[in-house]
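# Structural overview for review
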Amino acid sequence: MAAPDTAAEPIMLELVDEDGRTIGTAEKLAAHQDPGQLHRAFSVFLFDEQGRLLLQRRALGKYHSPGVWSNTACGHPYPGEKPFAAAARRTAEELGVAPSLLGEAGTVRYNHPDPESGLVEQEYNHLFVGLVRDTPEPDPEEVGEYAFVTPDDLVRRHAEAPFSVWFMTVLDAARPAIRELTGTTAGW
């Protein structure tokens, strides 16, 4: 599915009900205005062969949550786009890599206001976990920096640096699939 021409038309999101059924569309920024409209989203967690999680720090130019650390990739499917396809597409667009393995890890629904921006993450989020073997080549418009972290590294980084308001919710929801992927010795 081709990306919309953002110069000619606004980016649209799928609005969903509490069961994740599509009920309409809304413009991206409007869907995030307080109190937020429940919409479809996805979050990706990729790991290297040592079981380290690939994190990204969002670029400073992002309109929402700039400069904060977050999961490997996240975003919104275009209306009619399958979440799996959107997750693979955005991982390539943001980080310049294709997962060598990508699997579904369930869904999580949350409502997280962002006190910094005033925007609201009212999302029905599809979770994906997988492996990455290639070295990321991030798009600087999307990603300020990236890091591969162990669970202990993540605890330290999370205590010292700002993270996206949704990060811990999506990580905790994905943990069973992460543990299945990385094994018990990785510590996730």
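This is a predicted model, so every value here is computed, not measured.

## Description of the overall build of the chain
A count of helical and extended segments in the chain gives four helices and nine strands. Counting helices and strands in the order they occur from the N terminus, the chain gives β-β-α-β-β-β-β-α-β-β-β-α-α. A compact globule built from 188 residues should have a C-alpha radius of gyration of about 16 Å, and the chain, at 16 Å, falls within 12% of that. Seen through its C-alpha atoms, the chain measures out along the principal axes to roughly 45 × 30 × 30 Å. Out of the 188 residues in the chain, the part that is buried amounts to 50%.

## A short note on the UniProt feature "domain: Nudix hydrolase" (unreviewed entry) in the chain
The sites that carry the UniProt feature "domain: Nudix hydrolase" (unreviewed entry) are, in the present numbering, residues 37–174. A distance of 23 Å separates the end C-alpha atoms of residues 37–174, which is 22% helix and 38% strand.

## Some details on the nonpolar core
Nonpolar side chains in soluble globular proteins generally cluster together in the buried interior. Counting residues in hydrophobic clusters, the biggest one holds 24 residues, and the most contacted among them are Phe45, Leu53, Leu55, Leu154, Phe167, Ile178 and Trp188. Mapped by element, the contributors of at least two residues to this core are strand 3 (39–47), strand 4 (53–58), strand 7 (101–113), strand 8 (120–131), strand 9 (143–149) and helix 4 (167–182). Per element, the largest residue contribution to this core is six residues, and it comes from helix 4. With near-sequence residues (within four places) excluded, phenylalanine 167 lies in contact with Phe45, Leu53, Leu55, Ser70, Asn71, Leu154 and His158. With 13 residues, the next largest nonpolar core counts Phe42, Ala87, Leu102 and Phe128 among its residues.

## Some remarks on the side chain of glutamate 94
Relative to the assigned elements, glutamate 94 resides in helix 2 (residues 83–95). Under the relative-accessibility criterion, glutamate 94 is labelled buried at 3%. Within the structure, the side chain of glutamate 94 is placed 2.6 Å from the side chain of glutamine 56, a separation counted as a polar contact. Beyond its immediate stretch of four places on either side in the chain, glutamate 94 contacts Gln56, Thr72, Ala73, Cys74, Pro138, Asp139, Glu142 and Val143.

## Here's the deal with the pairing of strand 2 (residues 22–27)
Judged from the five bridges that link them, strand 1 (residues 12–16) and strand 2 form a sheet pairing that is antiparallel. When the bridges of strand 2 are listed, leucine 15 appears paired with glycine 24. The antiparallel hairpin formed by strand 1 and strand 2 contains five residues in its connecting segment, where glycine 20 sits at a positive phi of about 80°.

## As for the packing of aromatic side chains
Applying the stated criterion to the full structure yields four aromatic pairs. Both rings, one in phenylalanine 47 and one in tryptophan 188, keep their centres 5.6 Å apart while their planes meet at 70°; by these two values the pair is edge-to-face. Remark: tryptophan 188 occurs in the segment after helix 4 and phenylalanine 47 occurs in strand 3; sequence separation between them is 141 residues. For phenylalanine 47, a relative accessible area of 0% translates into the label buried. Ring geometry for phenylalanine 84 versus phenylalanine 128: centroids 5.8 Å apart, planes at 75°, classification edge-to-face. Separated by 44 residues along the polypeptide, phenylalanine 84 in helix 2 and phenylalanine 128 in strand 8 bring together distant segments of the chain. In this structure, arginine 157 packs its charged tip against the face of tryptophan 69, placed 4.4 Å from the ring centre.

Parameters at a glance
- Every chain is numbered independently, its residues counted from 1 as its sequence is written.
- Reporting in this predicted model follows two pLDDT cut-offs: at least 70 for local features of residues, and 80 or more for side-chain atom pairs to be given and counted; totals over whole chains, interfaces and linings ignore these cut-offs and use all residues.
- Calculation of side-chain values draws on the structure's entire complement of heavy atoms; hydrogens and water are dropped beforehand.
- Labels follow the DSSP assignment, with helices taken as runs of H or I lasting at least four residues and strands as runs of E lasting at least two, numbered in each case from the N terminus.
- What the globule rule says is 2.2 Å times the number of residues to the power 0.38, and the radius of gyration is computed from C-alpha atoms.
- Each residue is placed in one exposure class: buried if its accessible area under a 1.4 Å probe, protein chains only, is under 20% of its type's maximum, exposed if it is over 50%, and partly exposed if it falls in between.
- UniProt positions are given in the numbering used here, feature names are shortened, and annotations may be inferred rather than shown by experiment.
- We call a set of buried Ala, Val, Leu, Ile, Met, Phe, Trp, Tyr and Cys residues a nonpolar core when their side-chain atoms join them within 4.5 Å.
- Residue contacts follow a heavy-atom distance rule, with two residues in contact if any of their heavy atoms lie within 4.5 Å.
- Counting of polar contacts relies on pairs of N or O atoms within 3.5 Å, with two restrictions inside protein: one atom must be capable of donating a hydrogen and the other of accepting it, and residues adjacent in sequence are counted only when both atoms are side-chain atoms.
- A pair of strands is labelled paired if DSSP reports no fewer than 2 bridges between them.
- Centres within 6.5 Å make a pair out of two Phe, Tyr or Trp rings, where for Trp the six-membered ring is used; the pair is then stacked when the planes are under 30 degrees apart, edge-to-face when over 60, and tilted otherwise.
- Charges are assigned to positions over rings by a cutoff of 6 Å between ring centre and Lys NZ or Arg CZ, combined with an angular limit of 35 degrees from the ring normal.

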